[in-house]
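# Observations on the model geometry
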Amino acid sequence: MKKIALLAVAVLFSAVTFAQTSTPATPAPAPTPEVKAQMKDLRKDVRAYDNKKAEAKNAINKGDLTAAKADLAAAKTDKQDIKADAKTLKSEGVAHPVKLADKQVKKIDEKDVKTDLKDIKADKATEQKDVKAGDITGAQAAQKDVKADSKDLKKDVKAARRDGIKHPIRRAK
């Protein structure tokens, strides 16, 4: 009786062990150049749609309803392009192409903000080195670089917020 009970427990434990192991996942096939080009087009359409919606919102806030209607109409055509591209990509085997394009756009925006922050930090360090060394012209050039990079950062943060990133500077750190 003990042997049968122990055998049943051993079989149960082995079944549980085999149930926990997962089968190795097969790697996804590399996307073809056509799919890459279509995804790039889809990302551009998503970004254009976000920009048109934001422009329409700004026009509504300013009280310019005719410009808002025009922007909303343009956004509607962009949305139709997105749907057409998504349908094509789905037929080629890409799962959730619009969601994937949104993620890629956000990733690109975060990368842009991160590089701008690195540039500003490097320019400020250069400015401090030039000030310590007594190189006034170098420090002034570094200040101009910081100012230009700050403008780029502001532009990239605005684009990132338009594309759905809530706190782009915090996320980039």
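The rules we used
Residues numbered from 1 in each chain as written. Predicted model: local features only at pLDDT ≥ 70, side-chain atom pairs only at ≥ 80, totals over all residues. Heavy atoms only, no water. Helix = DSSP H or I, 4+ residues; strand = E, 2+ residues; numbered from the N terminus. Rg over C-alpha atoms; globule rule 2.2 N^0.38 Å. Buried < 20%, exposed > 50% of the residue type's maximum accessible area, 1.4 Å probe, protein only. Contact = heavy atoms within 4.5 Å. Areas by Shrake-Rupley, 256 points an atom, 1.4 Å probe, with all protein chains shown as cover. pLDDT = per-residue confidence, 0-100. Salt bridge = Lys/Arg side-chain N within 4 Å of Asp/Glu carboxyl O.

### A few points about the overall build of the protein chain
In terms of helices and strands, the protein chain carries six helices and zero strands. Seen in sequence order, the protein chain has helices and strands lined up from the N terminus as α-α-α-α-α-α. Against the compact-globule benchmark of 16 Å for 173 residues, the protein chain has a radius of gyration of 27 Å, which places it well outside the compact range. Expressed as lengths along the three principal axes of its C-alpha atoms, the size of the protein chain is roughly 90 × 55 × 35 Å. Within the protein chain, buried positions represent 24% of all 173 residues. For the protein chain, long-range pairs separated by at least 24 residues make up 68% of all intrachain contacts whose partners lie at least 6 apart in sequence. Surface accessibility of the protein chain: about 13100 Å² in total, with carbon and sulfur atoms responsible for 59%.

### Thoughts on the confidence of the model for the protein chain
Averaged over every residue, the pLDDT of the protein chain is 89; residues scoring 70 or more account for 94%. For the protein chain, per-element mean pLDDT is lowest for helix α6 (residues 168–172), which scores 80, and highest for helix α3 (residues 65–91), which scores 94.

### Some thoughts on the pattern of salt bridges
Within this structure, the stated rule accounts for three salt bridges. Two residues, D109 and R47, come together in a salt bridge whose shortest N-O distance is 3.0 Å. You can see D109 sitting in helix α4 (residues 97–133) and its partner R47 sitting in helix α2 (residues 33–62), a full 62 residues away along the chain. Put simply, E55 and K52 hold a salt bridge, and the shortest N to O gap is 3.8 Å. A residue pair is termed a helical-turn pair when its members lie 3 or 4 positions apart in one helix, as E55 and K52 do in helix α2 at three residues. We classify E55 as partly exposed; its relative accessible area is 32%.

### Regarding unusual backbone geometry
The phi torsion at H96 lies on the positive side, around 55 degrees, for a residue other than glycine. The residue H96 is located in the loop between α3 and α4 in this model.

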